[in-house]
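Take a look at the letters that make up each chain.
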Amino acid sequence: MGIPDRFQDTHWHVSVSNVVRESLSLAGRDGTQGVVGCQELDELDEFRLSAYESASLYKEKTKKWHDRKILSRDFKVGQQVLLYNSRLRLFPGKLKSRWSGPFLVKEIRPYGTVEISPLDSDRSFKVNGQRLKPYLGGEIDRGTATVALAET
């Protein structure tokens, strides 16, 4: 009983013959090696299951921690918000704020999209709601600040 010619030089032949050789070596003449091999396979299966369980527990704990850190951002139409400028990372100013605005919320769309417009114009644009934060009021000084130092 030989192996057909089309399977002689393939990877399939090598892998099947290796599996058969290993299974024959596990089942010894007296049968004790076969029992030991089965016990090792059972231990390997138990180890795999415990690793799977610990990985799923780790995923659950990480998800809970991540979900606790997410802030709910519920905006209302007419609310003033600040917009995060992610392009500022390319040309960072040491003390320059990355938040621009205030902007006015025009419309809230599904999937976290918010339509905003500047206070002084009617043009509007859509942004991801995660890039916004509520504007709490007050003046934003965009100029330079001077600090007078006292002489001692």
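Q: Explain the sheet that holds strand β4 (residues 125-128) to me, please; I cannot follow it from the model alone.
A: Whether parallel or antiparallel, the strands of a sheet pair through hydrogen bonds between backbone atoms. Taken together, 5 strands build an open sheet; the order of strands is β4-β3-β2-β1-β5 and the sheet is antiparallel. Edge strands, defined here as strands with exactly one partner in the open sheet, are β4 and β5 (132-134). Across the sheet, the axes of successive neighbouring strands diverge by a mean angle of 50 degrees, strand direction being ignored. As judged from the 4 bridges shared by strand β1 (residues 80-84) and strand β2 (residues 99-108), these two strands associate in the antiparallel manner. Across the sheet, the residue bridging to Tyr84 is Trp99, located in β2.

Q: When you look at the packing of aromatic side chains in this model, what are you seeing that I'm missing?
A: Aromatic rings in a pair are described by how distant their centres are and how their planes are angled relative to each other. In this structure the tally under the stated criterion is 2 aromatic pairs. A centroid spacing of 5.8 Å and a plane angle of 85 degrees characterise the contact between Phe103 and Phe125, whose relative ring orientation is edge-to-face. Linking Phe103 in strand β2 with Phe125 in strand β4, this pair joins segments that are 22 residues apart in sequence. Lys133 extends its terminal NZ or CZ atom over the ring of Trp99, reaching a point 4.4 Å from the ring centre.

Q: I'm lost on a negative patch on the surface in this one. Help?
A: Taken together, the side chains of Glu40, Asp42, Glu43 and Glu46 define an acidic patch exposed on the protein surface. Within the element layout of this structure, Glu43 appears in helix α2 (residues 32-69).

Q: Can you help me understand the pattern of salt bridges in this one?
A: A side chain with one charge can pair with a side chain of the opposite charge if their charged atoms come near. Taken as a whole, this structure holds 4 salt bridges when the rule is applied. Measuring nitrogen to oxygen at the nearest pair gives 2.9 Å for the salt bridge that ties Asp45 to Arg48. Placement of both Asp45 and Arg48 in helix α2 is noted, with a separation of 3 residues, approximately one turn of the helix. A relative accessible area of 34% means that Asp45 is categorised as partly exposed. Within this structure, Glu107, Arg109 and Glu115 form a network of salt bridges that share partners.

Q: So what exactly am I meant to see when it comes to the side chain of Ser117 here?
A: Turning to its location among the elements, Ser117 is positioned in strand β3 (residues 113-118). You can call Ser117 buried: its relative accessible area is 1%. Excluding its chain neighbours within four sequence positions, the residues that come into contact with Ser117 are Phe103, Leu104, Lys106, Arg123 and Ser124.

Q: Sorry if this is basic, but what is going on with the pairing of β3 here?
A: In regular strands, side chains alternate between the two faces of the sheet. Across the 6 residues of β3, 5 count as buried, placing the element largely inside the fold. Relative to β3, β2 runs antiparallel, the two being bridged by 5 bridges. By the bridge assignment, Val105 is partnered in β3 with Ile116. Pairing analysis gives 4 bridges linking β3 to β4, with the strands arranged antiparallel. Looking at β4, one finds that Ile116 is bridged to Phe125.

How each quantity is defined
- Residues numbered from 1 in each chain as written.
- Predicted model: local features only at pLDDT ≥ 70, side-chain atom pairs only at ≥ 80, totals over all residues.
- Heavy atoms only, no water.
- Pairing = 2+ DSSP bridges.
- Helix = DSSP H or I, 4+ residues; strand = E, 2+ residues; numbered from the N terminus.
- Axes fitted to C-alpha atoms, helices over the stretch in contact; angles between N-to-C directions.
- Phe/Tyr/Trp six-rings, centres within 6.5 Å; stacked < 30°, edge-to-face > 60°.
- Lys NZ or Arg CZ within 6 Å of the ring centre and 35° of its normal.
- Patch = residues over 30% accessible without salt bridge, like charges linked within 9 Å, V, L, I, M, F, W, Y side chains within 5 Å.
- Areas by Shrake-Rupley, 256 points an atom, 1.4 Å probe, with all protein chains shown as cover.
- Salt bridge = Lys/Arg side-chain N within 4 Å of Asp/Glu carboxyl O.
- Lys, Arg positive; Asp, Glu negative; His and termini not counted.
- Charge placed at Lys NZ, Arg CZ, Asp CG, Glu CD.
- Buried < 20%, exposed > 50% of the residue type's maximum accessible area, 1.4 Å probe, protein only.
- Contact = heavy atoms within 4.5 Å.

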